[in-house]
Amino acid sequence: GGGGSPPGAPPPADIELSVDLTLQDVCRGSKREVSYEIRSATQRTVCSQCRGQGTTVRMVQMGPGMMMQAQQTCPACRGRGVSYADEKEVQVKKTAAIPKGVKSGDKVKLSGDGHSLPGMEAGDVIIHCRVAKDAFFERLGADLAIKKQITLKEALCGFKFEVNHPSGTKLVIKSGEGEIIKPGTLKRIDGWGLPQKGAYDTMGNMYVKFEVLFPVEEDFGEEERKSVLAILDGMKFPQEEEIKLTLGMGVHVKLVNLGNAQFNGKTGRIISEEAPQGRWHVELTGGKKVAVPEACLKIMHRKNKQKAAKAARAAEKRAAELDMEDGEKPEEKEPEEEVVTMTKVDGKPKRTPAAAAGANQYDEDEDEEGGVQCQHM
């Protein structure tokens, strides 16, 4: 007969839907009408043979005096367990409120708006959000990022431009008084990102990265160069940054801030190209080898650059002497100078492999008379 379902009856399966959204929807929130079909019926009947389980158990004789239980699909209801009177598919339309700040993969639940069958709780509808990629803005969590190209004139003398924010507000962005924008400059506009989901009074920020467009060569002739040069010659420029050594093979280091006081203050040189698990392999003065976290290494800089240059020249001299005949003295000479030409690179540069294809893993000494010795000799 009909009636309510037994305690603990599983609810009907969720109905899964998807909605496509834009950054404008994310920023402002959205109401979307969704259409779907639900199962509906007037009466629920539980199979009397399997009692709604869909399976029955029967005893099977395996041998003399040996019986075993075997589970099988209920022959009466063919595994359904329950049946419904007047079961049909009903078309339903609902309005779903999409909250601000959602991202792709977020779900919105319409509780109780799913399948409606007697003896069971009403099912749910799960809406999956899909936020389309925007052509102008890059989304970084609740932050927005854009790239803005300005001319060299605007970078030096000031700029003003407008941005249509996803909220519907037109933002007017301009440079500060006397401000110079360098290529790659990154600026932040507080509070003009996206709403943070679950905290609608909290907004992310907008980041603007500037690219500076230089004049085309065809329009920058000799007269223009002279005019610009006359202006630039009288200007002050920042001091060129000193190139600093970073951790790597052969770099002299000092061990600091270690928990083991025995090694604090010891010096040595790095003997690895990389730092596996964040630890550099260091050969200490004296020969002992240790693995040290990067935070516990201090690069040992030479206090006097002239001494460093002198040491480099001395090393070159010693290397040259190895190639000299007995009694021959190396010639003192200035470094060779050559004027080179630069070629413009479009896109990502193609790296030249360190070794040619098929090169041996181990280098072998060349025989003075016979060239490279064959490995099979």
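Residues numbered from 1 in each chain as written. Predicted model: local features only at pLDDT ≥ 70, side-chain atom pairs only at ≥ 80, totals over all residues. Heavy atoms only, no water.

Focus: the overall build of the protein chain
And then number 1: Per the secondary structure count, the protein chain includes four helices and 24 strands.
And then number 2: Here the analysis covers contacts within the protein chain between residues at least 6 apart in sequence; of these, 57% occur between residues at least 24 apart.
And then number 3: For the protein chain, the accessible area works out to roughly 29200 Å², and carbon and sulfur atoms hold 49% of it. (Helix = DSSP H or I, 4+ residues; strand = E, 2+ residues; numbered from the N terminus. Contact = heavy atoms within 4.5 Å. Areas by Shrake-Rupley, 256 points an atom, 1.4 Å probe, with all protein chains shown as cover.)

Regarding the sheet that holds strand β19 (residues 267–270)
And then number 1: The strand order across the open sheet formed by five strands is β21-β20-β19-β18-β22, and the pairing between neighbours is antiparallel. The open sheet is flanked by β21 (289–293) and β22 (297–299), the only strands paired with a single partner. Between one strand axis and the next, the sheet turns by 45° as a mean value, whatever way the strands run.
And then number 2: Relative to β22, strand β18 (residues 252–255) runs antiparallel, the two sharing three bridges. Opposite V253, over in β22, you have I299 as the bridge partner. (Pairing = 2+ DSSP bridges. Axes fitted to C-alpha atoms, helices over the stretch in contact; angles between N-to-C directions.)

A look at the sheet that holds strand β14 (residues 186–189)
And then number 1: Strand order in the open sheet formed by four strands is β10-β11-β17-β14, and the pairing between neighbours is mixed. Looking along the sheet, the strands with just one partner apiece sit at the ends: β10 (138–140) and β14. Neighbour to neighbour, the strand axes of the sheet diverge by 30° on average, direction disregarded.
And then number 2: Sheet topology note: the β14/strand β17 (residues 206–213) ladder contains four bridges and is antiparallel. Bridging across to β17, L186 finds its partner in K209.

Overview of the nonpolar core
And then number 1: Y36, I98, I127, V163 and M206 are the most contacted members of the largest nonpolar core, which has 36 residues in total.
And then number 2: When sequence neighbours within four positions are dropped, the list of residues in contact with Y36 reads I15, L17, V90, Q91, V92, K94, D113 and V125.
And then number 3: Among the nonpolar cores identified, the runner-up in size contains 14 residues, and L255, L284, V290 and C296 belong to it. (Core = buried A, V, L, I, M, F, W, Y, C linked by side-chain atoms within 4.5 Å. Buried < 20%, exposed > 50% of the residue type's maximum accessible area, 1.4 Å probe, protein only.)

Examining the confidence of the model for the protein chain
And then number 1: Scored by pLDDT, the protein chain has a mean of 82; 82% of the residues are at 70 or more.
And then number 2: Predicted confidence for residues 366–377 stays below pLDDT 50, and this span has five contacts to residues more than four positions away or in other chains. (pLDDT = per-residue confidence, 0-100.)

Overview of the pattern of salt bridges
And then number 1: As enumerated under the stated definition, the model contains eight salt bridges in all.
And then number 2: The partner of D106 in a salt bridge is K197, and the shortest N-O contact between them spans 3.2 Å. Residue D106 is found in the loop between β7 (88–98) and β8 (107–110), and its partner K197 is found in the loop between β15 (195–196) and β16 (199–203); the two are separated by 91 residues along the sequence.
And then number 3: Using a relative accessible area of 42% as the deciding quantity, one classes K197 as partly exposed.
And then number 4: In this structure, a network of salt bridges that share partners links the residues K103, D106 and K197. (Salt bridge = Lys/Arg side-chain N within 4 Å of Asp/Glu carboxyl O.)

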